[in-house]
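A structural walkthrough
Letter by letter, the chains look like this.
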Amino acid sequence: MTYRSPRDLVRGAAAVHGDRLAVIEAEERLTYSALAARTAEAASVLKRAGVAAGDQVALAFPNSVAFLVWFFGILEAGAIVVPLSPMLSAAAAKDIMETARIGFLAADDSAAFAGEIGMTPVPAPVGGPGTGSVLWRGAEAVPAIETRPWTQDGIMIRQFSSGSTGRPKHMFRTEWNYFHSYRHYCEMLGLGSDERLLGVAPFYHSSGAGSFQVALHLGATLIVMPHFLPGAVLQTALRHRPTVFRATPPMIEALGSCWIERGDEKAFDMMRHCSCAAGRLSEAAVANFYKRYGVRVRNRYGSNETGTVSIDLDDDYQEGRVGRPYGGIEIEIFDDAGEPLTIGERGKVGIRSAAACKGYVDEPELSAKVFREDGFVFPGDLGYLDDSGRLFVLGRTDVINIGGYKVDPLEVENIIRELDGVRDVIVFGGEKA
């Protein structure tokens, strides 16, 4: 294993694969050399605006070349990237920016919330790094975070949880964490530089970010799509023949059931690896996708806290089975007292990985419940390991207490999902009216 700081991912790839095609977005094509040049322009703009080591720069773009250019431009400037959804409301954006004390925002010019929350555009020629990009500055100066960029412990990303169990939690990801998050996946699947990755899941989310991480790490080609629309995905796949697709359950369900034209079933003829994470994927959805395209979907498992930790490579798909851990990652099952259980016993899933973060920002009590001093992280899932080391995820540990009865939200979701007319569902506990 040769460690290279993820801050230098684009520059490093350009040095080795300069003339190779790095990114395709609609009609735009960029080689690795061209991508590195535009990333360097973005880093220069940021530095001229006063961005330095330890400063936090929020990033609000749909999937695009501009996202990649600014993402790695921020890193090359020595700063910390804070990926945000470009669809955030002004209130949500303001809460995040104030809570995290973020002083700068690089955004698509359609991101309406920047001006609404009191930020002002930086007067700089930012059209070069990405047409339609705007760099914004907050009204007040904020202190930089103490860190050492270009070291393994250097803070690189401020990631947010989905907030499905309450207000979103903040996590810092170091350069060492980030390096292992894509290395594990590439090594497990034996991927190489000839891959073409379909980047459809949102890049600002940790699951979607894996597409561009893997592509750049390999020196492969990334096919960028700004949004998921089944017809557009099929036409793009027919044109560019992706070999790797990191999907979400709704994507697999939609592509397996949507109306298609004659010939669309050949869209994934070159697909070598199709994997799915970020939710429960039904056996019916997997069967429909395989019947239509002849491609098997593999379950991936992980969390915001740990990164992806396992993948199921067996051909007989089974809901809840998420396979064996990647090399270098440990998965154990623990009881309520924190003691390890034996094969087949059901309990709390614990994960130890170099890709896992160390705790939640400014949440010591919550961190103590999730992150153990010995390195095990408990993302809140129940499961068991079989005698071949495969992990089965059964549900969540955050069950809902209803009149003394313990109700697992996943069980309720599975029942509702089978009802006619239901596409997807999420169940969570609420306060009694």
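**A word on the overall build of the chain**
Scanning the chain for helices and strands turns up 12 helices and 22 strands. The contacts of the chain with a sequence gap of at least 6 include a subset with a gap of at least 24, amounting to 65%.

**Things to note about the pattern of salt bridges**
As enumerated under the stated definition, the model contains 18 salt bridges in all. A salt bridge links Glu 175 to Arg 7, with the shortest nitrogen-to-oxygen separation between them at 2.7 Å. Here Glu 175 is found in helix H6 (residues 175-189), whereas its partner Arg 7 is found in the segment before helix H1 (9-17), with 168 residues between them in sequence. A relative accessible area of 0% means that Glu 175 is categorised as buried. Note on Arg 7: relative accessible area 0%, which makes it buried. Ionic pairing is found between Arg 372 and Asp 374, a salt bridge with its closest N-O pair at 2.7 Å. A relative accessible area of 36% places Asp 374 in the partly exposed class.

**Details of helix H9 (residues 249-257)**
By the criterion of burial, H9 is predominantly enclosed, with seven of the nine residues buried. Of the positions making up H9, those classed as buried are Pro 249, Met 251, Ile 252, Glu 253, Ala 254, Leu 255 and Gly 256. In the core, the buried residues of H9 are packed alongside helix H8 (230-240), strand E12 (244-247), strand E13 (273-276), helix H10 (283-293) and strand E14 (297-303).

**Here's the deal with helix H4 (residues 90-100)**
Along H4, the positions that sit buried rather than exposed are Ala 93, Ile 96, Met 97 and Ala 100. Seen from one end, H4 has its buried residues packed into an arc of 95°, which puts them on one side. Away from the buried face of H4 by more than 90 degrees, exposed residues Ala 91 and Glu 98 are located. Where H4 is buried, its residues contact strand E3 (56-60), strand E5 (104-108), helix H5 (113-116), strand E8 (155-160) and strand E9 (170-174).

**Digging into the packing of aromatic side chains**
Under the counting rule described, the total for this entry stands at 21 aromatic pairs. Seen in terms of ring centroids, Phe 71 and Phe 72 are 4.9 Å apart; in terms of plane orientation they differ by 65°. Their pairing is edge-to-face. The two residues Phe 71 and Phe 72 agree in class, both being buried. Residues Phe 334 and Phe 378 carry aromatic rings whose centres are separated by 5.2 Å and whose planes lie at 65° to one another, so their mutual orientation is edge-to-face. Of this pair, Phe 334 sits in strand E17 (residues 330-334) while Phe 378 sits in the loop between helix H11 (364-370) and strand E19 (381-385), and the two are 44 residues apart along the sequence. Since its relative accessible area comes to 2%, Phe 334 is described here as buried. Ring pairing ties together the aromatic residues Tyr 3, Phe 67, Phe 71, Phe 72, Trp 176, Tyr 178, Phe 179, Tyr 182, Phe 203 and Phe 212, which thus form one cluster. The cationic tip of Arg 7 hangs over the ring face of Trp 150; the distance from NZ or CZ to the ring centre is 5.4 Å. It is Lys 169 that lies over the ring of Tyr 360; its NZ or CZ is 5.6 Å from the centre.

**Regarding the nonpolar core**
Membership of the largest hydrophobic core comes to 69 residues, with the highest contact counts inside it found for Leu 59, Phe 71, Phe 212 and Leu 391. Looking at this core, the element that brings in the most residues is helix H3 (residues 65-76), giving 10 residues. Of all hydrophobic cores here, the second largest spans 29 residues; its members include Ile 223, Ile 260, Ala 267 and Phe 289.

**Quick notes on unusual backbone geometry**
Unlike most non-glycine residues, Ala 26 shows phi in positive territory, near 55°. Topologically, Ala 26 is positioned in the loop between strand E1 (21-25) and strand E2 (28-31). In this structure, Trp 150 takes a positive phi of about 65° despite not being glycine. Structurally, the position occupied by Trp 150 is in the loop between strand E7 (133-137) and E8.

**Quick notes on the environment of Gly 380**
As for its placement among the helices and strands, Gly 380 is situated in the loop between H11 and E19. Owing to a relative accessible area of 13%, Gly 380 belongs among the buried residues under this scheme. Gly 380 sits 15 residues away from Gly 395 along the chain, and the two C-alpha atoms are 8.7 Å apart.

**Observations concerning the environment of Thr 248**
Note that Thr 248 resides in the loop between E12 and H9. For the pair Thr 248 and Ala 277, spaced 29 residues apart in sequence, the C-alpha separation works out to 5.5 Å. What Thr 248 contacts, discounting residues up to four positions off in sequence, is Ala 201, Cys 276 and Ala 277.

**Notes on the pairing of E19**
In terms of burial, E19 is largely enclosed, as four of its five residues are buried. As defined by bridge partners, strand E18 (residues 347-352) adjoins E19 across two bridges and the pair is classed as antiparallel. Paired with Lys 348 across the strands is Leu 382, a residue of E19. Two strands pair when backbone bridges link them, and E19 and strand E20 (residues 391-396) are joined in this way by five bridges, in the antiparallel orientation. Within E20, the residue paired with Leu 385 across the bridge is Leu 391.

**Concerning the confidence of the model for the chain**
Averaged over every residue, the pLDDT of the chain is 89; the share at 70 or more is 89%. Here residues 401-406 is modelled with pLDDT under 50, and outside its nearest four sequence neighbours on either side it reaches five contacts, counting other chains as well.

**Structural notes on the environment of Ile 24**
One can find Ile 24 in strand E1. Judged by relative accessible area, Ile 24 falls into the buried class, the value being 7%. Between the C-alpha atom of Ile 24 and that of Ile 223, which follows or precedes it by 199 residues, the distance is 4.8 Å. Residues in contact with Ile 24, not counting those within four places in the same chain, are Arg 29, Thr 221, Leu 222, Ile 223, Val 224 and His 240.

Basis of the calculations
Residues numbered from 1 in each chain as written. Predicted model: local features only at pLDDT ≥ 70, side-chain atom pairs only at ≥ 80, totals over all residues. Heavy atoms only, no water. Helix = DSSP H or I, 4+ residues; strand = E, 2+ residues; numbered from the N terminus. Contact = heavy atoms within 4.5 Å. Salt bridge = Lys/Arg side-chain N within 4 Å of Asp/Glu carboxyl O. Buried < 20%, exposed > 50% of the residue type's maximum accessible area, 1.4 Å probe, protein only. Arc of directions from axis to C-beta. Phe/Tyr/Trp six-rings, centres within 6.5 Å; stacked < 30°, edge-to-face > 60°. Lys NZ or Arg CZ within 6 Å of the ring centre and 35° of its normal. Core = buried A, V, L, I, M, F, W, Y, C linked by side-chain atoms within 4.5 Å. Pairing = 2+ DSSP bridges. pLDDT = per-residue confidence, 0-100.

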